[in-house]
Amino acid sequence: MNTATIRAVIGGTLLMASCLSASAAQPLPISPEHPNSQRISVEMQGAGTDIILIPGLASSRDVWADLSAKLRKSHRIHLVELAGFASTPAIANPDGKIMAPAVDAIAAYIHAQHIKAPTIIGHSLGGEMALMLAARHPDLVGRVMVVDALPFYSLLFNPAATSETVAPQATATRNLILGQSPEQFAEFQKASLARLARTEAVRPALVAAGIHSDRKTIADAVYEVMITDLRPELGSIKAPIEVVYAYDTLFGIPADSVDAMYSQAYAAAPDIHFTRIDDSFHFIMLDQPERFSDAVESFLNGDASEMQSQTD
């Protein structure tokens, strides 16, 4: 495996991150008057302290099904889904922005629902949104868990990348997605999911639901995540951050190298902890559901250590 391929496997190729079967949830509107009210839909479950779960690119809220089934016994769970992904209809989006307005919509939802200092857990693109929410609305967030995501996605391919230098590649990637035929898009997803989900049984559902997401929304989100560097904003985050990331020997590099990549990327965060979950690809909650659930419970209970791994 070459360096670019290794990095793509480590972080997950967001271009082809997919979703589980569509949820039948009904949207919980923020307010019809809010400019971003249609950017997200939310399903609420359980009762107790609040946890907001944000899935990744083209992902359904159902990606959290195992975790939410456990957490809703003692927490109130807010399962977010972005417009254009999975079962939530796409909306007109002339400026091409996906993440930033969806983050503002989540902030507005927190205000509208009178939620006090919720825990935010986000996977992949949803993890970057969790960071963005905590940085730009620091007084709204109690704590943050980022699942297999960096504060600047393009570091996976070039450690020296900047938003400016990666823009041409981001444009080319967006155009590639938009230019594929339905058959090409489906085949590309199948090949990519072999790198994103170690558990073969979950891949068909991931591919099928990804295909049903809105293509332009996916393309716009990929462009945005590739050029968005949140490292300068990490210092604005008041909430403690837990980063959970995957490692597998199939990556072809030592675990220490992966540890170092994450530590360096988050160096500017004032309160940061890390948990590595081994024998997993990008969809940690599907590849290692028990270990992931244990990591979440430790995080919620304040048991995070400076650097830990789960290999048993």
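Residues numbered from 1 in each chain as written. Predicted model: local features only at pLDDT ≥ 70, side-chain atom pairs only at ≥ 80, totals over all residues. Heavy atoms only, no water.

Core analysis: the biggest nonpolar cluster contains 70 residues, and Leu82, Ile106, Met129, Ile241, Val243, Tyr262 and Tyr266 have the highest contact counts within it. A total of nine residues in this core trace back to one element, the largest contributor, which is helix 3 (residues 99-112). Ignoring any residue separated from it by four or fewer positions in sequence, one finds Tyr266 in contact with Leu131, Val146, Ala149, Leu150, Pro151, Leu234, Val243, Ile272 and Phe274. Grouped together as the second largest cluster of nonpolar side chains are 29 residues, Val63, Leu67, Leu193 and Val207 included. (Core = buried A, V, L, I, M, F, W, Y, C linked by side-chain atoms within 4.5 Å. Buried < 20%, exposed > 50% of the residue type's maximum accessible area, 1.4 Å probe, protein only. Helix = DSSP H or I, 4+ residues; strand = E, 2+ residues; numbered from the N terminus. Contact = heavy atoms within 4.5 Å.)

Let us now look at helix 8 (residues 215-227). The terminal C-alpha atoms of helix 8 lie 19 Å apart, and with 13 residues this matches the ideal 18 Å at 1.5 Å per residue to within 8%. Taken as a whole, helix 8 has its buried residues at Thr217, Ile218, Ala219, Asp220, Ala221, Val222, Tyr223, Glu224, Val225 and Met226. Where the residues of helix 8 are buried, they touch helix 3, helix 4 (125-136), helix 5 (163-179), helix 6 (182-196) and helix 7 (203-211). (Expected span 1.5 Å × (residues − 1).)

A separate point is the environment of Phe251. Mapped onto the secondary structure, Phe251 falls in the loop between strand 6 (241-247) and helix 9 (255-265). Residues Phe251 and Arg195, 56 residues apart in the sequence, show an inter-C-alpha distance of 9.8 Å.

Quick look at the packing of aromatic side chains now. Summed over all chains, the structure comprises six aromatic pairs. An angle of 90 degrees between the planes, with centres 5.5 Å apart, marks the rings of Tyr247 and Phe251 as edge-to-face. Each member of the pair Tyr247 and Phe251 is classed as buried. Taken together, the aromatic side chains of Tyr247, Phe251 and Phe281 make up a single cluster linked through ring pairs. (Phe/Tyr/Trp six-rings, centres within 6.5 Å; stacked < 30°, edge-to-face > 60°.)

Before going further, it helps to examine the side chain of Glu224. Here Glu224 lies in helix 8. In this structure, Glu224 is buried with no salt-bridge partner, the nearest side chain bearing the opposite charge being Arg136 at 6.6 Å. Once residues lying within four places of it in the same chain are set aside, the contact partners of Glu224 are Lys97, Ile98, Met99 and Ala100. (Lys, Arg positive; Asp, Glu negative; His and termini not counted. Salt bridge = Lys/Arg side-chain N within 4 Å of Asp/Glu carboxyl O.)

Counted residue by residue, strand 7 (residues 272-278) has seven buried out of seven residues, so it is predominantly covered. What you see with strand 7 is no split at all: Ile272, Phe274, Arg276 and Asp278 on one side and His273, Thr275 and Ile277 on the other are buried throughout. Handedness of the β-α-β unit built from strand 6, helix 9 and strand 7 comes out right-handed. (Right-handed = clockwise from strand over helix to strand, strands pointing away.)

Predicted confidence across the protein chain gives a mean pLDDT of 86, with 85% of residues reaching 70 or more. Confidence drops under pLDDT 50 across residues 1-29; counting only partners more than four residues distant or on other chains, this segment forms 102 contacts. (pLDDT = per-residue confidence, 0-100.)

As a further point, take the packing of helix 3 against helix 4. Look at helix 3 against helix 4: their axes get within 9 Å of each other, and the N-to-C directions meet at 60 degrees. Here helix 3 lies oblique to helix 4, going by the angle between them. Seen along the crossing, helix 3 lies across helix 4 with a hand that is right-handed. Facing helix 3, whose interface residues are Met99, Ala100, Ala102, Val103, Ile106, Ala107 and Ile110, helix 4 presents Leu125, Glu128, Met129, Met132, Leu133 and Arg136. Split into classes, the residues belonging to the contact of helix 3 with helix 4 amount to eleven nonpolar, no polar and two charged. (Axes fitted to C-alpha atoms, helices over the stretch in contact; angles between N-to-C directions. Parallel < 35°, antiparallel > 145°, perpendicular 65-115°, else oblique. Left-handed = near helix turned anticlockwise from the far one by under 90°. Nonpolar A, V, L, I, M, F, W, Y, C, P; charged D, E, K, R; others polar.)

Positive phi, close to 45 degrees, is recorded for Ala117, a residue that is not glycine. Tracing the backbone through its elements, the reader meets Ala117 in the loop between helix 3 and strand 4 (119-123). Located in the positive-phi region is Asp279, a residue other than glycine, with phi close to 60 degrees. In this fold, Asp279 is placed in the loop between strand 7 and helix 10 (284-287).

Once that is clear, we can look at the pattern of salt bridges. Applying the stated criterion across every chain, the model contains twelve salt bridges. For Asp50, the salt bridge identified is with Arg76, shortest N-O distance 2.6 Å. Of the two residues, Asp50 is situated in strand 2 (residues 49-54) and Arg76 in strand 3 (residues 75-82); the sequence distance between them amounts to 26 residues. Of the residues examined, Arg76 reaches a relative accessible area of 22% and is grouped as partly exposed. A salt bridge links Asp139 to Lys238; its shortest N-O distance comes to 2.7 Å. On the criterion of sequence distance, the pair formed by Asp139 in the loop between helix 4 and strand 5 (143-147) and Lys238 in the loop between helix 8 and strand 6 is long-range, its members being 99 residues apart.

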